[in-house]
Structure formats: structure tokens, C-alpha cells
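Analysis of the macromolecular model
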Amino acid sequence: SIESIMKWHSTHKKHKKKRTNRKKGVKISRIFALLNSKSDLVKSSSTSSDIIIERHKDPLELFGHVDLDDFARPTKNDTLFKEPLDYNDLSIIGRFVDRNDFMIISGFYDVAINSLQILKNKGVREKDSHIYPIIYNYRHYLELIIKQTIRYFRLAENEITNDEVGYESGHCLKKLWSILKTYLSKIEDVNQQETIAFDKLLNELNDIDENSFAFRYHCDKGKTIHDKIKLTISESKDISLSNLEVVMKKMHCYIEGISCLVYDRYKSYCEKNIK
């Protein structure tokens, strides 16, 4: 019944609030205070009326292992991009030159899905914070791979030359996907039902974040400093992380399959023209 559903949801929200209170993190300022001196720690409990005063001779006794590197400040000799001394410490930006588009696309997906898998074991604060860059990275992956696939389709159809970008500027997933769909009829191996399902899921994401701002900014970018704040996500929404992971992988599998088919079509076109 409606009454029982409302009762469950109310209880669910109360439990969520309690979990949030239990998971409150320790402020950085408190950690610095402990590291700089072995003085008394004054810590507010989860109830605002009580104050617990605890004396700790060793800050590690309270917090466990603390990595002092996490609290180091920049020095004049620091360099952000420095050549490594160990091969295992090596990462090369631009290693694959003209194949960097594949590397960047893959990177955004891997970061999103790997972070999501780790997030399920984190506390409430991390879950409600890290979900933004995770969804943004996944959304950007979809934008990049759709644009790339459009480009290779147009190359295969001899609509553009190899030194041309091949797609219009813009971040709207729905518009980009509608362009790609016009080419899909040229591929026999595309499953129509899978395309319909992917279309539905992509529109669901587009409805929340049409222009790639919702998960990067808490409010719309104003044209002037006096523009009124308009929240990019104005209402809270409960999300199952497990379901999100499963569906993200399904969408990934579908669009990667389309991308591979189109790239093979492009390679066949190149081979014919070389001969």
C-alpha cells in the first residue's frame, strides 16, 4: 500500500542519516594539531550536547597509521612532471601519437569502472562524493567513443579526409547518438533490440546531464559574477552502485562492439583504396 511504502521510505531515510553520522570523518585540522603537538584532543561527539575530552600521548594511537606524505606542503624544488628512475614508476603521455584517441577513451572508462568497484566498500562520505567524478568520467567516455565512431564511419564513407576531425563541437549525448544511429543501418551485425536498450539508457543519462556540467559543477556556470545560483542537480536521487556497475559494463560492451565494427569497416575501405 501507499502507506506502507511511505513508512519504509521514511525509516530508510532515518537509517541513512544515522549511518551518515556514524561515518563522520576526522578533520584535517585535528590531525595537524595531533601531529604538531601531543596536547589534549577535544573532540565533539555525534550528539551536539556532549563533549568528550580524551588525552592521547601518541596521535597514531588514536588514528592508527598516518602517512606523513599526505600532509607535506609544496617546496621550491618540487616538479610535477619528472622523469622516473624506475621502469615500474613510468607512464608516458603521448606514447602512441595518432592512437592516443583510443588510449584516452579507454582511460576514462577504466578510471570510472575501477573507481566504482572500489567505492562500494567505502563509507557514506566517499560514496556521496566520489560518485560525481565516476559518472562524469563514464559520461565523457561515452561522448568520446561516440564521436570517434562517427569519425571513422565518415572516413569509411569517404565523407571526410583523414586529417579532418569528423564530428561537430558539442557535448550533448543525445545529439551525438542520433547522428551515429543514422549510420548504423549500414551495418548488418547490429542488434536492433540492443540498440533500443542502449538508446533508452543513454537518454536516461542525457536527461540528468545534457551538456556534461551536472557532475562537474554544483551549479550552472554563470555569465557574470552576479548571476543567481542554479543547482545542476536540484533533487537527491538514491542510486544502487551494484546496478550502476552492471549497466555501465553492458553499455560499454555494446558501444565498443559498434566501434570495432565501424573501425573494421574503415580499415577495409583503406585497404581497397591502397590497392
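Attention in this report is confined to the structure presented alongside it.

1. Points about the pattern of salt bridges
Under the defined criterion, the tally for this structure stands at eleven salt bridges. Residues Lys120 and Glu245 are paired through a salt bridge, measuring 2.6 Å at the closest nitrogen-oxygen approach. Of the two residues, Lys120 is situated in the loop between helix 4 (100–119) and helix 5 (124–156) and Glu245 in helix 8 (residues 241–274); the sequence distance between them amounts to 125 residues. Exposure remark for Lys120: the relative accessible area of 32% places this residue in the partly exposed category. We note a salt bridge from Glu143 to Lys147, for which the minimum N-O separation is 2.9 Å.

2. Examining the state of the cysteines
Inspection of every chain in the model, using the stated rule, returns zero disulfides. Looking at Cys253, it has no disulfide partner, and the nearest cysteine sulfur is the one in Cys260, 9.7 Å off. Judged by relative accessible area, Cys253 falls into the exposed class, the value being 55%. Among the residues examined, Cys260 registers a relative accessible area of 45% and is labelled partly exposed.

3. Concerning unusual backbone geometry
At Asn158, a residue that is not glycine, the phi angle is positive and equals roughly 60°. Residue position: Asn158 is located in the loop between helix 5 and helix 6 (173–184). Accessibility expressed as a relative area gives 53% for Asn158, which makes it exposed. Backbone geometry at Ser212 places phi at a positive 70°, although glycine is not the residue there. Among the structural elements, Ser212 can be located in the loop between helix 7 (192–208) and helix 8. On the basis of relative accessibility, which here comes to 3%, the residue Ser212 falls in the buried class.

Conventions adopted
- Residues numbered from 1 in each chain as written.
- Predicted model: local features only at pLDDT ≥ 70, side-chain atom pairs only at ≥ 80, totals over all residues.
- Heavy atoms only, no water.
- Salt bridge = Lys/Arg side-chain N within 4 Å of Asp/Glu carboxyl O.
- Helix = DSSP H or I, 4+ residues; strand = E, 2+ residues; numbered from the N terminus.
- Buried < 20%, exposed > 50% of the residue type's maximum accessible area, 1.4 Å probe, protein only.
- Disulfide = S-S within 2.5 Å.

In short, shape yes, function no, at least from these values alone.
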